[in-house]
Amino acid sequence: MTRVSVVTGGALGIGGAVSRRLAADGDLVVLNDIDGDAAARTRADIEAAGGRCVTVVGDIVEDATVAAVVRAAGRADVLVNNVGDFRPAAPSFQESTPEQWQRLYELNLLHVFKLTHALLPAMIEHGSGAIVNNSTVEAFRGIPQHPVYSAFNAGVSAFTRSLAVAAGRHGVRVNAIAPDLADTEQTPASWMLRGYDPDLMHTWVPMARFGRPDDYAAVVAFLASDEARYVTGHTIPVDGGTLAASGWFVRADDRGWTNRPHRA
């Protein structure tokens, strides 16, 4: 029987790579995205490669879109709650607004509740299922300019742990990934490197490069697969080592490491 996998924000970036990877693995992918043109392009790519994909265009924070995704999926075997964004952003918390907080809540946490709540009962009834949420490394360290975004993603990881404890005996596993520094259409490397020397990448990321969408999709595919059958309740950092390094950086002159400002 063909596995059915739902991917939100499944057209571009990490979500696009996840959609393509799961389809290549043989899944019927129910791809939700707010960008209809991008969704159509990704569906065409999947079908050209011999895969199967159904698109549901709409903002996943809206109840009507959630209902449409559920209708398209029927009983989902895999749910990838991929949607999330640090925008709308403000220069500082004190300059942010309640309207921005509300949108960040909807984009990063509320939709995870809504779609999981809609699809989980059928997983429990069937006695199997895998849910993979998209959190961020910023849920585990400070990010001064985006504290509200960080807080809601910490909620994603807390939700992941707690639901995993409740759903495990029903055969449903719940995990998350925590990306950092993804080179995608939304956050291209050229934008992240503006004003910086690319030859000093190793001072920023221990693996000396930004993550590529396929790097994240591979971990999502593992967590959704039977290979991860005894893994639940965890948020896996997929970050090239930035969270492990914490506040430690290679000195610009390559003469050791520093955790404080250093003049080369």
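Our structure is the block above this text.
All figures in this text were calculated on a predicted structure; none of them were measured in a lab.

Here's the deal with the overall build of the protein chain
- Broken down by element type, the protein chain carries eight helices and nine strands.
- For the protein chain, the C-alpha radius of gyration of 19 Å lies close to 18 Å, the compact-globule estimate for 264 residues.
- For the protein chain, restricting intrachain contacts to residue pairs at least 6 apart in sequence, the fraction spanning at least 24 positions comes to 69%.
- Charge centroids of the protein chain, computed over 23 positive and 29 negative side chains, lie 5 Å from each other.

Side note on the pattern of salt bridges
- Under the counting rule described, the total for this entry stands at 13 salt bridges.
- A salt bridge links R87 to D85, with the shortest nitrogen-to-oxygen separation between them at 3.1 Å.
- Note on R87: relative accessible area 37%, which makes it partly exposed.
- Note that D226 and R229 form a salt bridge whose closest N and O atoms lie 3.6 Å from each other.
- D226 gets classed as exposed once you look at its relative accessible area, which sits at 54%.
- When its relative accessible area of 53% is taken as the criterion, R229 is described as exposed.
- Connected via shared salt-bridge partners are D59, R103 and E106.

Points about the packing of aromatic side chains
- Taken as a whole and assessed by the stated rule, the structure comprises five aromatic pairs.
- Considering the side-chain rings of F86 and Y149, the 6.3 Å spacing of their centres and the 80° angle between planes classify their relative orientation as edge-to-face. With a gap of 63 residues between them, F86 in the loop between strand 4 (78–81) and helix 4 (98–126) and Y149 in helix 5 (residues 147–167) connect regions that are remote in the sequence.
- With a relative accessible area of 13%, Y149 lands in the buried category.

Overview of the packing of helix 3 (residues 63–73) against helix 4
- Two elements in contact, helix 3 and helix 4, have axes whose closest approach is 10 Å; the angle formed by their N-to-C orientations is 35°. The element helix 3 and its partner helix 4 pack so that their crossing is right-handed. Contact residues: D63, V66, V69 and V70 in helix 3; K114, L115, A118 and L119 in helix 4.

Section: the packing of helix 1 (residues 13–24) against helix 7 (residues 213–224)
- For the pair helix 1 and helix 7, the least separation of the axes is 8 Å and the interaxial angle reads 50°. Our classification of the angle between helix 1 and helix 7 gives oblique. Viewed along their axes, helix 1 and helix 7 form a crossing whose handedness is right-handed. Contacts from G13, I14, A17, V18, R21 and L22 of helix 1 reach helix 7 at P213, D214, Y216, A217, A218, V220 and A221.

Section: the side chain of D59
- Within the secondary structure, D59 is located in the loop between strand 3 (52–57) and helix 3.
- Contact partners of D59, with chain neighbours within four places excluded, come to I34, T65 and R103.

Remarks on a nonpolar patch on the surface
- Taken together, the side chains of Y196, W204 and F249 present a nonpolar region at the surface, about 330 Å² in accessible area.
- Of the residues examined, Y196 reaches a relative accessible area of 57% and is grouped as exposed.

Some points on unusual backbone geometry
- In this structure, P88 follows R87 across a cis peptide bond, with omega equal to 10°.
- With respect to the helices and strands, P88 occurs in the loop between strand 4 and helix 4.
- Backbone geometry places L181, a non-glycine residue, at a positive phi of 50°.
- By the secondary structure assignment, L181 is in the loop between strand 6 (172–179) and helix 6 (189–192).

Observations regarding the sheet that holds strand 3
- Across the sheet, seven strands lie side by side as 3-2-1-4-5-6-7; this open sheet has parallel pairing. Whereas interior strands pair on both sides, the edge strands pair on one side only; in this sheet they are strand 3 and strand 7 (235–238). Along the sheet, successive strands turn relative to each other by an average axial angle of 15°, direction set aside.
- Summarising the sheet, strand 1 (residues 4–8) and strand 2 (residues 28–33) pair through five bridges and their orientation is parallel. Bridge pairing in strand 2 links V4 to L28.
- Its contacts with the sheet put helix 2 (residues 36–48) on strand 2 and strand 3, and the angle it makes with strand 3 is roughly 175°.

Cut-offs and rules
- Residue numbers run consecutively from 1 along every chain, following the written order of its sequence.
- At least 70 in pLDDT is required for a residue's local features to be given in this predicted model, at least 80 for side-chain atom pairs to be given and counted, and no such filter applies to totals for whole chains, interfaces and linings, which use all residues.
- The side-chain values count all of the structure's non-hydrogen atoms but skip hydrogen atoms and water molecules.
- Helix and strand labels come from DSSP, where a helix needs a run of H or I of at least four residues and a strand needs a run of E of at least two; each type is numbered from the N terminus.
- Atoms considered for the radius of gyration are the C-alpha atoms alone. The globule rule reads 2.2 Å times the number of residues to the power 0.38.
- Should any heavy atoms of two residues lie within 4.5 Å, those residues are counted as being in contact.
- Counted charges follow a simple rule, with Lys and Arg positive, Asp and Glu negative, and His plus the chain ends left uncounted.
- By convention, charge coordinates are those of NZ in Lys, CZ in Arg, CG in Asp, or CD in Glu.
- For this analysis, a salt bridge means a side-chain nitrogen from Lys or Arg found within 4 Å of a carboxyl oxygen belonging to Asp or Glu.
- Under the scheme applied here, a residue whose accessible area is under 20% of the maximum for its type counts as buried, over 50% as exposed, and between as partly exposed, the area being computed with a 1.4 Å probe on protein chains only.
- What counts as a ring pair is set by centres within 6.5 Å for rings of Phe, Tyr and Trp (its six-membered ring), and what kind of pair is set by the plane angle: stacked under 30 degrees, edge-to-face over 60, tilted for all other angles.
- Note on geometry: axes are C-alpha line fits, over the in-contact stretch for helices, and angles between N-to-C directions span 0 to 180 degrees.
- Left-handed describes a crossing in which the near helix is turned anticlockwise from the far one by less than a right angle; the clockwise case is right-handed.
- Oblique is the label for any angle not under 35 degrees, not over 145, and not in the 65 to 115 range, which are roughly parallel, roughly antiparallel and roughly perpendicular in turn.
- Patch rule: a residue counts if its relative accessible area is over 30% and it has no salt bridge; like charges are joined within 9 Å, and nonpolar side chains (Val, Leu, Ile, Met, Phe, Trp, Tyr) within 5 Å.
- In short, Shrake-Rupley with a 1.4 Å probe defines the accessible areas, and a residue's cover is counted only from the protein chains shown.
- Two strands pair under a simple rule: DSSP has to find at least two bridges between them.

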